[in-house]
Amino acid sequence: KVLIVGGVAGGASAGARLRRLDEQAEIIIFERGEHISFANCGLPYYLGEVIRKREKLLLQTPQNMKKRFAVDVRVNSEVTRIYRQQKEIEVRQQDGHTYRENYDYLILSPGAAPPRPPIPGIEAENVFTIRNIPDIDAVKGFVDDLRPKSAVVVGGGFIGLEMAENLHTRGVKTVVVEMLDQVMPPLDYEMAALLQHHLREKGISVVLKDGVKAFEGNSKVNKVVLQSGKTITADLIVMAVGVKPEVKLAQEAGLAIGSSGGIKVNSQLR
């Protein structure tokens, strides 16, 4: 009996692969959100209406996983505790009901969450992060209903640039703010320079070597104050400053945390 904590790319793939290796195992996946598998990389393109139908983002459903792989998928079910000695986990359902489930093997695939740095004004209603379908629904609803004219995307990595591209596609004047001296840190500087030139050529402003000091406004941010003192007016903010591993469950179970902040594993990812 194998329990998997977390769905999407890690957990759902592990469940499908495990079924191919073992036809007899009982496999249960617990996902605290409502979607077991969705196209992470497609989220910004749903905002930009390159992907027009929301259902195109959904790759698998609990029903399909059950039918195709005989995997029991329980969405809206958050694993809140691991009892290692008893080989059990505690699960909390959306209605607040909790129960325990026992296991022979436990796979942790909790993923990572977008951090929200302690910047004044970050809790305003027009400051968004992107991780899942409800997140992109919120941004798309904001753009569809309120027709913002300007946006600031904080962070020039994959998500930041894809969000900037799709906000621009929707007619929103967009500024990318990046603390480093280049966008897309995994690229060599010379490659990033080509990308920065392309962005500016398309009408997206790029501010480098500068960070956000504060968001100003009342219930909504209308001005972004940078560390340099420069200010940018904005109707919409997207925080895309990377991700932070979700390790709370593992930590509370006494598992080791590695030097990079994720759950420590051996050469077999155990």
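I will try to describe carefully the structure that is included in this document. (Residues numbered from 1 in each chain as written. Predicted model: local features only at pLDDT ≥ 70, side-chain atom pairs only at ≥ 80, totals over all residues. Heavy atoms only, no water.)

### Points about helix H5 (residues 158-169)
Here is step 1: With 12 residues, H5 extends 17 Å from end C-alpha to end C-alpha; this agrees with the ideal 16 Å at 1.5 Å per step.
Here is step 2: Regarding H5, the residues found buried are Gly 160, Leu 161, Met 163, Ala 164, Asn 166 and Leu 167.
Here is step 3: Once H5 finishes, Gly 171 follows within two positions and takes phi at roughly 85°, a positive value. (Helix = DSSP H or I, 4+ residues; strand = E, 2+ residues; numbered from the N terminus. Expected span 1.5 Å × (residues − 1). Buried < 20%, exposed > 50% of the residue type's maximum accessible area, 1.4 Å probe, protein only.)

### Comments concerning a nonpolar patch on the surface
Here is step 1: Residues Leu 187, Met 191 and Leu 194 make up a contiguous nonpolar surface patch of roughly 290 Å² in combined accessible area.
Here is step 2: Turning to its location among the elements, Leu 194 is positioned in helix H6 (residues 189-201). (Patch = residues over 30% accessible without salt bridge, like charges linked within 9 Å, V, L, I, M, F, W, Y side chains within 5 Å. Areas by Shrake-Rupley, 256 points an atom, 1.4 Å probe, with all protein chains shown as cover. Salt bridge = Lys/Arg side-chain N within 4 Å of Asp/Glu carboxyl O.)

### Quick look at the packing of aromatic side chains
Here is step 1: By the definition in use, this model includes one aromatic pair.
Here is step 2: Residues Phe 128 and Phe 142 carry aromatic rings whose centres are separated by 5.5 Å and whose planes lie at 70° to one another, so their mutual orientation is edge-to-face. In this pair, Phe 128 is assigned in strand S11 (residues 127-129) and Phe 142 in helix H4 (residues 133-146), connecting sequence segments 14 residues apart. Each member of the pair, Phe 128 together with Phe 142, is buried.
Here is step 3: Of note, Arg 100 hangs over the ring of Tyr 83, and the distance from its end group to the ring centre comes to 3.7 Å. (Phe/Tyr/Trp six-rings, centres within 6.5 Å; stacked < 30°, edge-to-face > 60°. Lys NZ or Arg CZ within 6 Å of the ring centre and 35° of its normal.)

### Remarks on H4
Here is step 1: The first and last C-alpha atoms of H4 sit 20 Å apart over 14 residues, in line with the 20 Å expected at 1.5 Å per residue.
Here is step 2: Of all the positions in H4, only Ile 133, Ile 136, Val 139, Lys 140, Phe 142 and Val 143 are classed as buried.
Here is step 3: One side-chain oxygen of the residue at the start of H4 lies 3.1 Å from the amide nitrogen of Asp 135, identifying that residue as Asn 132.
Here is step 4: Following H4 by one or two positions, Arg 147 adopts a phi angle in the positive range, close to 45°. (Polar contact = N/O pair within 3.5 Å; in protein donor to acceptor, adjacent residues only side chain to side chain.)

### What to know about the sheet that holds strand S5 (residues 72-75)
Here is step 1: Across the sheet, which stays open at both edges, the four strands sit in the order S5-S2-S1-S9 with parallel pairing between neighbours. Across the chains shown, the open sheet's two edge strands, defined by having one partner strand only, are S5 and strand S9 (105-108). Taking each pair of neighbouring strands and ignoring which way they run, the sheet shows an average axis angle of 15°.
Here is step 2: Note that strand S1 (residues 2-5) and strand S2 (residues 27-31) share four bridges and pair parallel. Bridge pairing in S2 links Val 2 to Ile 27. (Pairing = 2+ DSSP bridges. Axes fitted to C-alpha atoms, helices over the stretch in contact; angles between N-to-C directions.)

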